[in-house]
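The chain contents come next:
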Amino acid sequence: MLVAAAVCPCPPLLVPEVAAGAAPELDAARAACSDAIGVLAAARPDLLVVIGPAERGGRGPHPQGARGSFRGFGVDVDVRLGPVPPEAETAAPAGAEGPSGLPSSLAVAGWLLERAQWSAAPVEGLGVGEPLEAERCIHVGGGIGARADRVALLVMGDASACRTLKAPGYLDERAADFDAEAGRALGEADIEALKALDAGLAYELKVAGRAPWQVLAGAAEGAALRGELLYEDAPYGVGYVVAAWS
């Protein structure tokens, strides 16, 4: 059963080396992510499953210790998904294709877990594709919630990328309302509202978190968790939300 969840954004800019001179602009988001992961550890889970958006080739599953890299963003920073088990020492090099190469969303999660010195439970990663329909996301989440007696989720994903004229998706007047409803649902652990998020509209608004959030909704069915919104902002015209469920 799901006992806790942390919702975090997944821009590589969370990694200070990637953000470079702009790093301080996301200090509040980083601090909120650390607080949310602290809620996961305090729940004493038997298993932590990390969910994030991924292209087809990077969906995994990804075992604990899987490698990721930010070299594609111009910095010499490599990460692992959780502490490295002995069998992962011989895994493929950072950035390799296949189950050992983390998509960027899970690489950011690996960086956050490393920063938090995660050791509370074994870790697994799973990438989900943006086109995955809501019903399938909810079904996948239900299966994850049944994986162990005490399951925690670290859910990576951004809201819309259309909040300003300089946003990656340019300005879309619908983005602010979509993000406000998503942020409310994540902050209140409103699983019915998350299930009802419009996948077509999310795609048009370049929302990276819709599918992972709906996986969370499926995993949380019957868990009666309460949510807390820890951070919500749209730097660079992209909606970022941090929430903790327990």
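Anything mentioned here points back to the structure above.
Residues numbered from 1 in each chain as written. Predicted model: local features only at pLDDT ≥ 70, side-chain atom pairs only at ≥ 80, totals over all residues. Heavy atoms only, no water.

### Overview of the side chain of R210
Item 1. Relative to the helices and strands, R210 is located in helix α8 (residues 210-219).
Item 2. Put simply, R210 is tucked away with no salt bridge, and the nearest opposite charge, on E130, sits 4.0 Å away.
Item 3. At a separation of 2.8 Å, a polar atom in the side chain of R210 contacts the main-chain carbonyl oxygen of L132.
Item 4. If we skip the residues at most four places from it in the chain, R210 touches E130, P131, L132, E133, A134, C137, L197, A199 and A202. (Helix = DSSP H or I, 4+ residues; strand = E, 2+ residues; numbered from the N terminus. Buried < 20%, exposed > 50% of the residue type's maximum accessible area, 1.4 Å probe, protein only. Lys, Arg positive; Asp, Glu negative; His and termini not counted. Salt bridge = Lys/Arg side-chain N within 4 Å of Asp/Glu carboxyl O. Polar contact = N/O pair within 3.5 Å; in protein donor to acceptor, adjacent residues only side chain to side chain. Contact = heavy atoms within 4.5 Å.)

### As for unusual backbone geometry
Item 1. Following G60, the chain continues into P61 via a peptide bond in cis, with omega recorded as 15°.
Item 2. As for its placement among the helices and strands, P61 is situated in the loop between β2 (47-53) and β3 (67-69).
Item 3. The backbone of A20 sits at a positive phi, close to 55°, despite the residue not being glycine.
Item 4. Structurally, A20 can be placed in the loop between α1 (16-19) and α2 (27-42).
Item 5. For Y236, which is not glycine, the phi torsion reads 65° and is therefore positive.
Item 6. Note on Y236: relative accessible area 33%, which makes it partly exposed.

### What about the pattern of salt bridges?
Opposite charge on two side chains permits them to pair, given that their charged atoms come into close proximity.
Item 1. Here the structure, examined in full by the defined rule, presents 12 salt bridges.
Item 2. Here E124 makes a salt bridge to R147, at a shortest N to O gap of 2.9 Å. Separated by 23 residues along the polypeptide, E124 in strand β5 (residues 123-128) and R147 in the loop between α4 (134-145) and β6 (151-156) bring together distant segments of the chain.
Item 3. Here R147 falls in the partly exposed class, since its relative accessible area comes to 44%.
Item 4. Ionic pairing is found between E221 and K195, a salt bridge with its closest N-O pair at 2.2 Å. One end of the pair, E221, is in the loop between α8 and β7 (227-233); the other, K195, is in helix α6 (residues 191-195), and 26 residues separate them in sequence.

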